[in-house]
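As a plain string of letters, each chain reads:
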Amino acid sequence: MSQNSTSDRPAGKRIAITGAGSGLGRELALRYAREGWQVAVTDIQTGRARRVAGEVNEVGGEAMAQTLDTRKPEDFDALLERIEQTWGGLDVFVNNAGVSNAGSVVDTPLADWAWMLDINLMGTVRGSRAALPLLRASRGHLINIASFAAIANAPGMAAYNAAKSGVLSLSESIRGEEHDNGVGVTVACPAFFATNLLESFRGTNDRQRAMVEKLMRRAKVSAADVADDIHRAARDNEFLVISHRTARWQYRMKRLSPETFFNAVLKATRSFTR
């Protein structure tokens, strides 16, 4: 949560967001649109991207809709080329698109491991590699969406944990690598909030899906709340965003007393990992 000065960084107005056709991506698109930003709304589903682009225009932004599959480097290349030609550059890029699953290391099929890592981790790698040249030119900001799973590493979510932990580690690496280029980095690690992430869910245990659905329904933090936190953090060049108050305490607990945190996680997850 440390921060560096951004006084020498010009105020930007051009942002691109992957997976912006719904959920957190949509909320981020609308959050920036309300400030008059140009917003590239990308999604693997063309209809969703176009619908949110219309919403962006309605609330005061200027939208660009683009179909993008984070597994395809050529989709990123096409997006960034279009942005450079149309807007002349880019100020913020958000790697948001992702999928979900549950299952232990042993029970999760290798095909699901490959699917999870290809989209959630390598999709972020591809997006970062494609966007960084333009972000260097604008002294802009990279935002990666990880998860509190990257910190908690609860049993029964092995592939998802590994992918999101990779996003957290990747973000910290890029932060150091791009510091002298004037590129800021923010990584968001939200806990459960209501979203449509379960549309893509793959799992080996029905109890795990039911538990995730329950936690989402009970969440007191909304996708709009998380989007507000990310917007503020990127503006202030803060690195780590943990929106949920309980999760922030858990993060501190893990740093101060890893064994206490581990035992708490075991107790909390025992009912749906068996």
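S.K.: So what exactly am I meant to see when it comes to helix 1 (residues 23-33) here?
M.R.: For an α-helix, 3.6 residues make a turn, and residues three or four places apart therefore share a direction. Summarising burial for helix 1: nine of the eleven residues are buried, a large majority. Among the residues of helix 1, L24, G25, E27, L28, A29, L30, R31, Y32 and A33 are the ones counted as buried.

S.K.: Just checking my understanding: could you explain the pairing of strand 7 (residues 184-188) for this structure?
M.R.: Regular strands have side chains that alternate between both faces of the sheet. Among the five residues that make up strand 7, five are buried, leaving the element largely enclosed by the rest of the structure. The two faces of strand 7 match: G184, T186 and A188 on one face and V185 and V187 on the other face are all buried. By the bridge criterion, five bridges tie strand 6 (residues 141-145) to strand 7 in an arrangement that is parallel. Pairing of I143 across the sheet is with T186, part of strand 7. The pairing of strand 7 with strand 9 (residues 240-241) spans two bridges and is classified as parallel.

S.K.: It is not clear to me how the packing of aromatic side chains should be interpreted in this structure. Could you clarify?
M.R.: One pair of aromatic rings is described through two measures. These are the centre distance and the angle between the planes. According to the stated counting rule, one finds two aromatic pairs in the structure shown. Each ring, one from Y32 and one from W37, has its centre 4.8 Å from the other, and the planes form 70°; the classification is edge-to-face. Judged by relative accessible area, which is 9%, W37 ranks as buried. On the basis of an interplanar angle of 55° and a centroid distance of 6.4 Å, the ring pair of F76 and F93 is categorised as tilted. Of this pair, F76 sits in helix 3 (residues 73-87) while F93 sits in strand 4 (residues 92-95); the two residues are 17 residues apart in sequence, bridging distant segments of the chain. Residue class for F76 comes out buried when judged on its relative accessible area of 1%. The ring of W249 has R252 sitting right over it, with the charged end atom 5.1 Å from the ring centre.

S.K.: Sorry if this is basic, but what is going on with the nonpolar core here?
M.R.: Across soluble globular proteins, you tend to see nonpolar side chains buried next to one another. Within the largest apolar cluster, 50 residues are counted, with the highest numbers of intra-cluster contacts made by L79, I83, L90, F93, L135 and C189. Mapped by element, the contributors of at least two residues to this core are helix 3, helix 4 (110-138), helix 5 (149-152), helix 6 (158-178), strand 7 and helix 10 (258-273). No other element matches helix 4, which puts eleven residues into this core.

S.K.: Honestly, unusual backbone geometry in this entry has me stumped. Any pointers?
M.R.: Backbone geometry follows two general trends: most residues other than glycine have a negative phi, and most peptide bonds adopt the trans configuration. Positioned with a positive phi, N153 is a non-glycine residue whose angle comes to about 50°. Examined against the element boundaries, N153 turns out to sit in the loop between helix 5 and helix 6. By relative accessible area, N153 is classed as partly exposed at 34%. Although it is not a glycine, N237 adopts a positive phi angle of roughly 60°. Structurally, N237 can be placed in the loop between helix 8 (223-235) and strand 9.

S.K.: Help me understand the confidence of the model for the protein in this model?
M.R.: Residues shown with low pLDDT carry predicted positions that ought not to be read at fine detail. Per-residue pLDDT for the protein has a mean of 89; in total, 84% of the residues score no lower than 70. Low pLDDT (under 50) marks residues 1-11, which in the prediction has 26 contacts with non-local residues, meaning those over four places away or in another chain.

S.K.: Even after reading the chapter, I still don't get the packing of helix 1 against helix 8, so can you show me in this structure?
M.R.: Between helix 1 and helix 8, the least distance of the axes is 9 Å, while the angle of their chain directions is 55°. Our classification of the angle between helix 1 and helix 8 gives oblique. For the pair helix 1 and helix 8, the crossing hand works out as right-handed. Contacts between helix 1 and helix 8 involve G23, L24, E27, L28, R31 and Y32 from the first element and A223, A224, V226, A227, D228, I230, H231 and A234 from the second. Its residues placed into classes, the contact of helix 1 with helix 8 shows nine nonpolar, two polar and three charged.

S.K.: In this structure, what is going on with the pattern of salt bridges? I would like to understand it.
M.R.: Any two side chains of opposite charge can pair, given that their charged atoms come close. Here the structure, examined in full by the defined rule, presents ten salt bridges. In this structure, E238 engages R232 in a salt bridge whose closest nitrogen and oxygen atoms are separated by 2.9 Å. Assessed through its relative accessible area of 29%, R232 is described here as partly exposed. Across the salt bridge formed by D236 and R235, the nearest N and O atoms sit 3.0 Å from each other. Here D236 falls in the partly exposed class, since its relative accessible area comes to 24%.

Rules and cut-offs
- Residues numbered from 1 in each chain as written.
- Predicted model: local features only at pLDDT ≥ 70, side-chain atom pairs only at ≥ 80, totals over all residues.
- Heavy atoms only, no water.
- Buried < 20%, exposed > 50% of the residue type's maximum accessible area, 1.4 Å probe, protein only.
- Helix = DSSP H or I, 4+ residues; strand = E, 2+ residues; numbered from the N terminus.
- Pairing = 2+ DSSP bridges.
- Phe/Tyr/Trp six-rings, centres within 6.5 Å; stacked < 30°, edge-to-face > 60°.
- Lys NZ or Arg CZ within 6 Å of the ring centre and 35° of its normal.
- Core = buried A, V, L, I, M, F, W, Y, C linked by side-chain atoms within 4.5 Å.
- pLDDT = per-residue confidence, 0-100.
- Contact = heavy atoms within 4.5 Å.
- Axes fitted to C-alpha atoms, helices over the stretch in contact; angles between N-to-C directions.
- Parallel < 35°, antiparallel > 145°, perpendicular 65-115°, else oblique.
- Left-handed = near helix turned anticlockwise from the far one by under 90°.
- Nonpolar A, V, L, I, M, F, W, Y, C, P; charged D, E, K, R; others polar.
- Salt bridge = Lys/Arg side-chain N within 4 Å of Asp/Glu carboxyl O.

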